[in-house]
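Now for the letters of each chain:
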Amino acid sequence: MADPSSHALVVGGTGMLYDVSLNLAARGYATSVIARDPVRLEELRARAAAVGGRIEPMPVDYGETGSLEVALRERRDLLGPPGLVVAWVHGSAPTALPTLVRWLREEQTAARLVHVVGSAVADPSADSADELTSKLSGSSIRLQTVILGFVLEGEAGTQRSRWLTDREISAGVLRAIDSGSPRSIVGQVEPWHLRP
Ligand SMILES: NC(=O)c1ccc[n+]([C@@H]2O[C@H](COP(=O)([O-])OP(=O)(O)OC[C@H]3O[C@@H](n4cnc5c(N)ncnc54)[C@H](OP(=O)(O)O)[C@@H]3O)[C@@H](O)[C@H]2O)c1
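Now for a quick tour of the structure. In this text the structure is predicted, and so the values were computed from the model without any measurement.

**Focus on the nonpolar core**
Core analysis: the biggest nonpolar cluster contains 46 residues, and V10, V11, V85, V86, V114 and V173 have the highest contact counts within it. Once residues within four sequence positions are removed from consideration, V85 is found in contact with L9, L104, A111, L113 and V114.

See below:
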């Protein structure tokens, strides 16, 4: 079986994590990318290949548990289990992350899961219990949470806030991967009331 440390998986890797997918491929990871649109996946694969990187498309709807499980098993047979997983998953697919985590646990290899989340988790009024942390307890999976915040621009008094760009998001996620920090914020989440 292939060395897990050389296989990375990016869930949602053709969107705002596009540069993360490309960068991991450039670092030498065989990089699996989950998304539905095969055209965008092929464009990403070709772009990485042009500079010697390897991106392996996984065209699957992560909301369809059976299809996702099949795709993950097939990918394990091809490249071994991933040692690094970066996941941006929409809340409209609540089964996707638990399916991914169950599969990673079953593989029983050490892995790092970089979970990218929206700024709502930083809402002081929100319930901060982290379900994922409890799902991972006792496993060899190390969780890193990356919170996407916002940007404040301009002089004090006339400041305006905006959401992050795709570039800023990918750069922030890569910084978090490099730092190994269990919790990072891209941009800022405070003062919370100044979010866009
Ligand atoms: N705090 C912030 O500033 C912040 C936070 C979040 C988002 N944003 C911005 O909002 C914009 C839109 O965000 P977005 O949530 O649409 O993210 P996105 O990363 O632009 O797109 C979602 C990614 O997930 C894939 N995907 C979506 N549903 C899927 C499914 N059911 N199965 C498999 N893959 C799936 C998409 O590919 P397919 O469509 O081909 O499946 C794509 O690769 C982004 O451009 C980002 O810059 C900003």
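Past the structure itself, the notes keep going.
**Comments concerning the site of the ligand**
The local shell around the ligand holds 27 residues, among which G12, G15, R36, D37 and W163 are the closest. Sorting the residues of the shell around the ligand by element identifies β2 (30-35) and α6 (166-179) as the ones contributing at least two each. Partitioned by chemical class, the residues of the shell around the ligand number 12 nonpolar, 10 polar and five charged.

**A look at helix α4 (residues 96-107)**
Taking 1.5 Å per residue, 12 residues should reach 16 Å; α4 reaches 17 Å between its end C-alpha atoms and fits that length. Among the residues of α4, A96, L100, V101 and L104 are the ones counted as buried. When α4 is viewed along its axis, its buried side chains cluster within an angular range of 125° and face the same direction. Of the surrounding secondary structure, the elements contacted by the buried residues of α4 are β1 (7-11), α3 (65-79), β4 (84-87), β5 (111-117), α5 (131-136) and β6 (141-148). Directly after α4, the chain includes Q108, whose backbone phi takes a positive value near 55°.

**Let's talk about α3**
An ideal rise of 1.5 Å per residue puts 21 Å on 15 residues; α3 measures up with 21 Å between its terminal C-alpha atoms. For α3, the full list of buried residues reads L68, L72, R75, R76 and L79. Along the axis of α3, the buried residues cluster in a sector spanning 105°; they form a single face. Looking at α3, the residues exposed on the side facing more than 90 degrees away from the buried face are G66, V70, E74, D77 and L78. Next to the buried residues of α3 lie β1, β2, β3 (54-59) and α4. Directly after α3, the chain includes G80, whose backbone phi takes a positive value near 80°.

**Quick word on the environment of S170**
Secondary-structure assignment places S170 in helix α6. Judged by the 24 C-beta atoms lying within 10 Å of it, S170 is buried.

**Some remarks on the packing of helix α1 (residues 18-26) against helix α2 (residues 38-50)**
Running from amino to carboxyl end, α1 crosses α2 at an angle of 35°, the nearest separation of the two axes being 10 Å. In this structure, the crossing between α1 and α2 has a hand that is right-handed. Residues Y18, S21, L22 and A25 of α1 form the contact with α2, whose own contacting residues are L44, R47 and A48. Taken together, the residues of the contact of α1 with α2 break down into five nonpolar, one polar and one charged.

The rules behind these values
- Residues numbered from 1 in each chain as written.
- Predicted model: local features only at pLDDT ≥ 70, side-chain atom pairs only at ≥ 80, totals over all residues.
- Core = buried A, V, L, I, M, F, W, Y, C linked by C-beta atoms within 7 Å.
- Buried ≥ 20, exposed ≤ 12 C-beta atoms within 10 Å, placed from the backbone.
- Contact = placed C-beta atoms within 7 Å.
- Near = placed C-beta within 6 Å.
- Helix = DSSP H or I, 4+ residues; strand = E, 2+ residues; numbered from the N terminus.
- Nonpolar A, V, L, I, M, F, W, Y, C, P; charged D, E, K, R; others polar.
- Expected span 1.5 Å × (residues − 1).
- Arc of directions from axis to C-beta.
- Axes fitted to C-alpha atoms, helices over the stretch in contact; angles between N-to-C directions.
- Left-handed = near helix turned anticlockwise from the far one by under 90°.

Treat this as a map of the structure, not an account of what it does.
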